[in-house]
Amino acid sequence: MRSTGQRTLVTGGAGFLGSHVCDALIRRGDDVLCVDNFHTGTRDNIAALLEHPRFELLQHDVTLPLDVAVDRIFNLACPASPVHYQHDPVQTTRTCVHGAMNMLALAHKRGARILQASTSEVYGDPEVHPQPESYWGRVNPIGMRSCYNEGKRCAETLFFDYRRQYDLQIKVVRIFNTYGPRMYVDDGRVVSNFIVQALRGEDVTLYGDGSQTRSFCYVDDLIEALLAAMDTPADFTGPVNVGNPAELSMRELAERVLRLSGSRSRIVHRPLPPDDPKVRRPDIALAERALGWQPRVPLDAGLEKTIAYFRAHLNA
Ligand code: NAD
Ligand code: UDP
């Protein structure tokens, strides 16, 4: 593979999505600098890259300033699972806001293009369905999820102010629920919880009555969209939704996981966490138009790959 001569920084590069972004960038010939403080990420996720001549790892916390020579920045550093981001909510807001400020300052100093991994959480518990980018959202500013969704909203504000004030090249991508290999066993998010519980023969924990919906995107599709967003023309800023619009209830998801894994686990109900959005589905018309992108992996196929990953992981 020929080098592109481009040096790309991936913050949160040892995490679930970040490690897949690093893989994809190495495959296409970039020099990759992975920055992570290993808050939720692991060395295992990037083990295959550590010896690669175009890959470099820097253990660093993005809430502190950083000055390195880079052409492009994917800003992914931030815990994404509600269990993880609510564990130390003050640090979560700090990572979202100070992390964004530090990476924007770096992009400004180095003349780099910068992409923000934003989230469907900016829409909160939406009353517009599906959610287009023009919807401003319905977010509780003082709840358990606020450290994350208000932190991410503030990060978006900072990105657009840097654009207006300093003419920075920004890309804001609103990522909807994504799943796949390298999610963590103890992640707490629904897909990994259900699969791990099903494979261990434990009760599958359905929160509330299970009628709440989500739309799940397989990781390979998501990574393709992130790279396409980074490569859009300079005048394209987003925000752009990226996700798979196939929507289903959490009860349907539990039943599907049990069927595909051949598990005989029982489904049990647990209380619905506060502010849990009742529905979520991306309107991806803009992504289709601007990125020339559509998700390709159907839910059953993606779940089968993810189940195979966790089966091997748990056996090891
Ligand atoms: P993850 O927890 O697996 O990865 C986050 C990574 O960031 C980890 O490696 C962690 O160690 C690192 N990190 C956290 N705080 C840091 C800090 N202060 N300094 C340096 N590194 C730090 O989560 P993920 O699912 O890979 O999510 C990655 C990004 O994508 C996050 O910004 C998240 O908000 C966004 N996102 C993900 C999803 C999804 O479904 N996976 C959905 C919407 C948005
Ligand atoms: N959920 C569930 N059981 C679990 C974990 C999550 O029923 O073991 C539900 C959760 O209440 C939410 C949905 O699954 O309605 C998605 O949760 P997740 O934490 O994966 O992500 P969110 O989209 O809420 O950030």
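Above this note sits the structure.
Reference entry: report on the structure contained in this document.

Criteria and cut-off values
- Residues numbered from 1 in each chain as written.
- Chains lettered and ligands numbered in written order.
- Predicted model: local features only at pLDDT ≥ 70, side-chain atom pairs only at ≥ 80, totals over all residues.
- Heavy atoms only, no water.
- Helix = DSSP H or I, 4+ residues; strand = E, 2+ residues; numbered from the N terminus.
- Buried < 20%, exposed > 50% of the residue type's maximum accessible area, 1.4 Å probe, protein only.
- Contact = heavy atoms within 4.5 Å.
- Areas by Shrake-Rupley, 256 points an atom, 1.4 Å probe, with all protein chains shown as cover.
- Lys, Arg positive; Asp, Glu negative; His and termini not counted.
- Charge placed at Lys NZ, Arg CZ, Asp CG, Glu CD.
- Near = heavy atom within 4 Å.
- Polar contact = N/O pair within 3.5 Å; in protein donor to acceptor, adjacent residues only side chain to side chain.
- Expected span 1.5 Å × (residues − 1).
- Nonpolar A, V, L, I, M, F, W, Y, C, P; charged D, E, K, R; others polar.
- Axes fitted to C-alpha atoms, helices over the stretch in contact; angles between N-to-C directions.
- Parallel < 35°, antiparallel > 145°, perpendicular 65-115°, else oblique.
- Left-handed = near helix turned anticlockwise from the far one by under 90°.
- Pairing = 2+ DSSP bridges.

Bringing the overall build of the chain into the picture now. Across its full length, the chain holds nine helices and 13 strands. By principal-axis analysis of the C-alpha atoms, the chain measures approximately 55 × 45 × 35 Å. Residues classed as buried in the chain amount to 57% of the 316 residues present. In the chain, the share of contacts with a sequence separation of at least 24, taken over all contacts with a separation of at least 6, comes to 81%. When the accessible surface of the chain is summed, it comes to about 13600 Å², and 50% of that surface belongs to carbon and sulfur atoms. Each charge class in the chain was averaged separately, 36 positive and 38 negative side chains, and the resulting centres sit 1 Å apart.

Further remarks concern the site of ligand 2. Looking at ligand 2, there are 18 residues lining it, with Val190, Thr205, Arg214, Asp276 and Arg280 nearest. A distance of 2.8 Å is found between an oxygen atom of ligand 2 and a backbone nitrogen or oxygen belonging to Val190. At 2.8 Å from an oxygen atom of ligand 2 is found a side-chain nitrogen or oxygen belonging to Asn193. Bound to the protein, ligand 2 loses 95% of the 520 Å² it would expose on its own.

Our next topic: helix H6 (residues 219-230). The end-to-end C-alpha separation of H6 is 17 Å, in line with the 16 Å expected for 12 residues at 1.5 Å each. Counting buried positions along H6 yields nine of 12 residues, so the element is predominantly enclosed. Burial in H6 covers these residues: Val219, Asp221, Leu222, Ile223, Ala225, Leu226, Leu227, Ala229 and Met230.

The next thing to look at is the site of ligand 1. By nearness alone, 30 residues border ligand 1, and Leu17, Asp36, Thr40, Tyr148 and Lys152 come closest of all. One nitrogen or oxygen atom from the side chain of Asp36 is found 2.5 Å from an oxygen atom belonging to ligand 1. Here an oxygen atom of ligand 1 and a backbone polar atom of Leu76 are 2.9 Å apart. In isolation ligand 1 exposes 830 Å². Once the protein is present, 98% of that is buried. Among the elements of the structure, helix H1 (16-28), strand S5 (113-119) and helix H4 (146-166) are those that each provide at least two residues to the shell around ligand 1. For the shell around ligand 1, the leading source of residues is S5, giving three residues. A class-by-class count of the residues in the shell around ligand 1 yields 14 nonpolar, 12 polar and four charged.

Moving on, we come to the packing of helix H7 (residues 250-261) against helix H9 (residues 299-315). Packing of H7 against H9 brings their axes to within 10 Å, and their N-to-C directions diverge by 60°. Judged by the angle between their axes, H7 and H9 are oblique. By crossing handedness, the relation of H7 to H9 is classed as right-handed. Contact residues: Leu253, Arg256, Val257, Arg259, Leu260 and Ser261 in H7; Leu299, Asp300, Leu303, Glu304, Ile307 and Arg311 in H9.

Moving on, we get to the packing of helix H5 (residues 190-200) against H9. For any two helices packed against each other, the geometry comes down to the angle between their axes and how far apart the axes lie. At their nearest, the axes of H5 and H9 sit 10 Å apart, and the two run at 55° to each other. By the angle class used here, H5 and H9 are oblique. Here H5 and H9 pass one another in a crossing that is right-handed. Residue-level inspection shows Val191, Ser192, Ile195, Val196, Leu199 and Arg200 of H5 in contact with H9, the latter providing Leu303, Thr306, Ile307, Phe310, Arg311 and Leu314. Split into classes, the residues belonging to the contact of H5 with H9 amount to eight nonpolar, two polar and two charged.

This part is about the sheet that holds strand S2 (residues 31-36). Strand order in this open sheet of seven strands is S3-S2-S1-S4-S5-S6-S11, and the pairing throughout is parallel. Looking at strand neighbours, the two that pair on one side only are strand S3 (55-59) and strand S11 (240-242), the edges of this open sheet. Going from strand to strand, the sheet's axes swing by 20° on average, the running direction of each strand aside. In this sheet, S11 lies alongside strand S6 (residues 170-175) in parallel orientation, the contact comprising three bridges. Counted as the bridge partner of Ile175 is Val242 from S11. Its contacts with the sheet put H4 on S5 and S6, and the angle it makes with S5 is roughly 155°. The sheet contacts of H6 involve strand S4 (72-75), S5, S6 and S11, and relative to S6 the element is tilted by about 160°.

Checked against the element boundaries, Leu49 lands in the loop between S2 and S3. Remark: the alpha-carbon pair of Leu49 and Ser118, spanning 69 residues in sequence, is separated by 26 Å. Apart from the residues lying within four places of it in its own chain, the contact partners of Leu49 are Cys22, Asp23, Ile26 and Phe55.

Among the six residues that make up S6, six are buried, leaving the element largely enclosed by the rest of the structure. Alternating positions in S6 separate into two faces, Ile170, Val172 and Arg174 on one and Lys171, Val173 and Ile175 on the other, with burial throughout. Relative to S6, S5 runs parallel, the two being bridged by six bridges. Looking at the pairing, Ser118 lines up with Arg174 of S6.

So, to be careful, I would describe these as geometric facts and stop short of saying anything about function.
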